[in-house]
Every structure is written in structure tokens, then in C-alpha cells.
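Residue-level listing of the chains:
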Amino acid sequence: MAKINGTLNAIINGSDKVLHQANSTLNVNVDLPDATTKESAGWAEHINGLRDWEITFDGKYDETGEGLTPDEILAAIIGRTADAAVKFTTDGATGAAGWTGDGTFRNISINGAQETPITFSGSIKGNGALAAI
């Protein structure tokens, strides 16, 4: 069984990596509309409907480094320029393995609790197909 170190996971927008991530998750869904009829003999049936995807992420807030910071994501959302060509990679910032698609930064939350590091979390909503790299 192959094992991939989660530290190698990266979210890349164009050529900019989302900095200082601690966790990230790629969720892919399919809608399953009901297709049950009287001829279904009492068993529920469905068809495969629309698919969608979303990436969620969180990390420690730090505005330094070469890449995409929470401040830049916030500015893009406010400026309505949050569309992104996204890569969810499993090999670090090279982007040679994983998945890619167009999406939009949907939200960013910055949390500052007393006597703890400031953290951030956010999500990217897919806009169209997701494909393997």
C-alpha cells in the first residue's frame, strides 16, 4: 500500500501556493436524484446527477512568505476577483500529481483567540469539472 505524507499536500492557485496550511480536504460529491417508481418493488432507486467539488483548508496565520496569504484571499473575495485556477496536489508545490479545476475562493475566516496563534480557514468552491493532473 502506498503511503503519502500529508505534508506534501498543497493548494496552488496559478503558481502561488496557499501558505502556512495545516490541513486541507478535497470533497467531491454527486447528487443522487430519486428515480423510484411503482415498478421499483418497494426499493428506492436513483440516477447519477450533478457533480460538484470543494476544497476546505486551514492553517496558522502568517503574512510572510512567497505565495498566497489569507490577506490576499480576503482582498480577492472583497474585490470580487476570487476566481482561481486551482491545483490540489499530493506531491508538494510542484503540482505534478493530484487534481485541478477552476474554482472560486468562497470564504476566509481569521480567528484570534487569547494566548494562541492566529489561525485561518477557508474554502474554494469548484466551478466546472475537476480533473486528474
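Up top you'll find the structure we're talking about.
K.L.:
In this structure, what is going on with helix H1 (residues 70-78)? I would like to understand it.
P.N.:
Spacing of three or four residues puts side chains on the same side of an α-helix, whose turn is 3.6 residues. Turning to H1, its buried residues are Pro70, Ile73 and Ala76. Take H1 and look down its axis: the buried residues cluster within an arc of 125 degrees, on one side only. One or two residues past the end of H1 sits Arg80, with phi positive at roughly 55 degrees.

K.L.:
Sorry, what's going on with the pattern of salt bridges here?
P.N.:
A pair can form between side chains of opposite charge whenever their charged atoms are brought close. Applying the stated criterion across every chain yields a total of two salt bridges. Asp52 is the salt-bridge partner of Lys125, the closest N and O atoms lying 3.7 Å from each other. Of this pair, Lys125 sits in strand S7 (residues 119-132) while Asp52 sits in strand S4 (residues 51-60); the two residues are 73 residues apart in sequence, bridging distant segments of the chain. On the accessibility criterion, Asp52 (31% relative accessible area) is partly exposed. A salt bridge links Arg106 to Glu54, with the nearest nitrogen and oxygen atoms 3.1 Å apart. Taken together, the residues Arg106 in strand S6 (residues 98-111) and Glu54 in strand S4 connect sequence positions 52 residues apart. Here Glu54 falls in the buried class, since its relative accessible area comes to 19%.

K.L.:
Is there a simple way to explain the side chain of Thr89 in this structure?
P.N.:
Residue placement: Thr89 occurs in strand S5 (residues 83-89). Excluding its chain neighbours within four sequence positions, the residues that come into contact with Thr89 are Leu8, Asn9, Ala10, Ile12, Gly95, Ala97, Gly98 and Ile133.

K.L.:
Sorry, what's going on with the nonpolar core here?
P.N.:
The nonpolar side chains of a soluble globular protein tend to be buried with one another. Counting residues in each nonpolar core, the largest one holds 16 residues, and the members touching the most others are Ile11, Val18, Ile55, Phe57, Ile73, Phe105 and Ile124. Contributions of two or more residues to this core are made by S4, H1, S5, S6 and S7. When neighbours within four sequence positions are excluded, Phe105 is seen to be in contact with Asn13, Val18, Phe57, Leu68, Ile73, Ile77, Ala82, Ala84, Ser123 and Ile124.

K.L.:
Would you explain the sheet that holds S4 in this entry?
P.N.:
Paired through backbone hydrogen bonds, the strands of a sheet run either parallel or antiparallel to each other. Pairing is antiparallel in the open sheet, where seven strands are placed in the order S2-S1-S5-S6-S7-S4-S3. Single-partner strands in this sheet number two, and they are strand S2 (16-17) and strand S3 (21-30).

K.L.:
Can you help me understand unusual backbone geometry in this one?
P.N.:
Of all residues except glycine, most have a negative phi; of all peptide bonds, most are trans. At Ala41, a residue that is not glycine, the phi angle is positive and equals roughly 55 degrees. Topologically, Ala41 is positioned in the loop between S3 and S4.

Definitions and cut-offs
- Residues numbered from 1 in each chain as written.
- Predicted model: local features only at pLDDT ≥ 70, side-chain atom pairs only at ≥ 80, totals over all residues.
- Heavy atoms only, no water.
- Buried < 20%, exposed > 50% of the residue type's maximum accessible area, 1.4 Å probe, protein only.
- Helix = DSSP H or I, 4+ residues; strand = E, 2+ residues; numbered from the N terminus.
- Arc of directions from axis to C-beta.
- Salt bridge = Lys/Arg side-chain N within 4 Å of Asp/Glu carboxyl O.
- Contact = heavy atoms within 4.5 Å.
- Core = buried A, V, L, I, M, F, W, Y, C linked by side-chain atoms within 4.5 Å.
- Pairing = 2+ DSSP bridges.

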